[in-house]
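The chain contents come next:
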Amino acid sequence: MPITRIKTGIPGLDELMEGGLIPGSAVLVAGHTGAGKTLFCMQFLWSGLQKGEPGVYISFEQTPEELKDDAIIFGWNFDAYERKGMCKIAFYNPFEIADVNKIITDEIAKVKAKRVVIDSTSIFAMYLNDELKVREKLYKLVQKLKQTGCTILMTSEILEESKGFSRYGVEEFVADAVIALYYAGLGGEEYNSIEIRKMRRTKHARGYFPLEFTPEGLKVIKK
Ligand SMILES: Nc1ncnc2c1ncn2[C@@H]1O[C@H](COP(=O)(O)OP(=O)(O)OP(=O)(O)O)[C@@H](O)[C@H]1O
Ligand SMILES: [Mg+2]
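Residues numbered from 1 in each chain as written. Chains lettered and ligands numbered in written order. Predicted model: local features only at pLDDT ≥ 70, side-chain atom pairs only at ≥ 80, totals over all residues. Heavy atoms only, no water.

(A) Highlighting the site of ligand 1. Lining the immediate surroundings of ligand 1 are His32, Thr33, Gly34, Ala35, Gly36, Lys37, Thr38, Leu39, Glu61, Ile73, Phe74 and Phe213. One of the backbone N or O atoms of Ala35 is found 3.2 Å from an oxygen atom in ligand 1. A distance of 2.8 Å separates an oxygen atom of ligand 1 from a polar atom in the side chain of Thr38. When isolated, ligand 1 has an accessible area of 650 Å², and the protein chains bury 58% of it. No other element matches the 3 residues that helix H1 (residues 37-50) contributes to the shell around ligand 1. Class assignment for the residues of the shell around ligand 1 results in 5 nonpolar, 5 polar and 2 charged. (Near = heavy atom within 4 Å. Polar contact = N/O pair within 3.5 Å; in protein donor to acceptor, adjacent residues only side chain to side chain. Areas by Shrake-Rupley, 256 points an atom, 1.4 Å probe, with all protein chains shown as cover. Helix = DSSP H or I, 4+ residues; strand = E, 2+ residues; numbered from the N terminus. Nonpolar A, V, L, I, M, F, W, Y, C, P; charged D, E, K, R; others polar.)

In structure tokens, the structure reads:
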């Protein structure tokens, strides 16, 4: 039986990966700063809401107000869905919360979420000073989130010049899939691109595809 895939809502992307993400998988959205990680995740959440799939956005970086104000520009009114109890965009200060796993699973339960975003995981590395601890913490979080059956997006920052997909090279190993967003200068011209770096159980396209920022959000351009 073919799996019914979870559509990302990014035009042009799902067709590069057998129709979408594997339900219940944990996907790392890795990228350079400003490459569109947050926008990608907001679009994923918005697209789910349009299909009646509730979602949770856990931000460790921007406030819900900032995220929602940015989303309005693309015509995505998350407030309306929050009022209906279908979605929650929440900010947590990782230095102030004791049990991050519990907080996130509680938010998931409240709205019966099918889609979850963690933006970003870099914060774990910031407050745990040891790579082993980061790996253990993230691994436990991903396992716990997977038990909910949600499809999970988590972001990580790729440093310029780096060959890894996160600050300490941990996230890519706990994720089932890695989608990388790049921002690079070529011949003096700046451009954005996207690569499906790995996706378990999926025959996905390889290489880099141009990524466009449109008034409706991100869009992958066919090569
Ligand atoms: N309305 C828009 N039209 C065109 N481009 C936009 C628009 N809004 C944002 N962008 C582009 O998206 C970038 C920011 O995207 P986003 O916040 O998703 O990136 P990010 O990878 O999450 O960055 P960060 O490292 O700050 O987390 C901006 O730098 C800009 O290039
Ligand atoms: Mg961001």
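(B) Inspection of the pairing of strand S9 (residues 217-220) at higher detail. As paired strands, strand S8 (residues 208-214) and S9 are joined by 4 bridges and run antiparallel to one another. Each bridged residue has a counterpart across the sheet, and for Phe213 the counterpart in S9 is Leu218. Connecting the antiparallel pair S8 and S9 is a turn made up of 2 residues. (Pairing = 2+ DSSP bridges.)

(C) Spatial organisation of the packing of aromatic side chains. If you walk through the whole model with that rule in mind, you get 4 aromatic pairs. When the centroid spacing of 5.3 Å and the interplanar angle of 75° are considered together, the rings of Trp46 and Phe78 count as edge-to-face. Residue Trp46 is located in helix H1, and its partner Phe78 is located in helix H3 (residues 78-83); the two are separated by 32 residues in the primary sequence. A single burial state applies to Trp46 and to Phe78, both of which are buried. (Phe/Tyr/Trp six-rings, centres within 6.5 Å; stacked < 30°, edge-to-face > 60°. Buried < 20%, exposed > 50% of the residue type's maximum accessible area, 1.4 Å probe, protein only.)

(D) Quick look at the state of the cysteines. Applying the stated rule across the entire model yields 0 disulfides. Cysteine Cys41 is unpaired, with the sulfur of Cys87 as its nearest cysteine sulfur at 14 Å. By relative accessible area, which is 0% here, Cys41 ends up buried. Of all cysteine sulfurs in the structure, the one in Cys150 sits closest to Cys87, which takes part in no disulfide; the separation is 13 Å. (Disulfide = S-S within 2.5 Å.)

(E) Focus on the nonpolar core. Within the largest apolar cluster, 38 residues are counted, with the highest numbers of intra-cluster contacts made by Leu13, Leu21, Phe40, Phe78, Leu153, Ile179 and Ile194. Of the residues forming this core, the biggest block, 8 residues, is contributed by H1. Val56, Val116, Val134 and Leu145 belong to the second largest nonpolar core, which has 36 residues in total. (Core = buried A, V, L, I, M, F, W, Y, C linked by side-chain atoms within 4.5 Å.)

(F) The arrangement of the side chain of Thr8 in detail. Relative to the elements of secondary structure, Thr8 occurs in the segment before strand S1 (26-31). Other than its neighbours up to four places away in sequence, Thr8 contacts Leu13, Asp14, Met17, Leu21, Gln43, Phe44, Ser47 and Arg115. (Contact = heavy atoms within 4.5 Å.)

(G) Spotlight on helix H6 (residues 131-147). Along its 17 residues, H6 runs 24 Å from first to last C-alpha, staying within 8% of the 24 Å computed at 1.5 Å per residue. Every buried residue of H6 is listed here: Val134, Leu138, Leu141, Val142 and Leu145. Within H6, the buried residues cover an arc of 95° as seen down the axis, which keeps them to one side. Away from its buried face, by an angle of more than 90 degrees, H6 presents the exposed residues Leu132 and Gln147. Lining the buried residues of H6 we find S1, helix H4 (100-111), strand S4 (115-119), helix H5 (122-127), strand S5 (151-157) and helix H7 (171-174). For H6, the capping residue at the N-terminal end is Asp130, with a side-chain oxygen 2.7 Å from the backbone nitrogen of Leu132. (Expected span 1.5 Å × (residues − 1). Arc of directions from axis to C-beta.)

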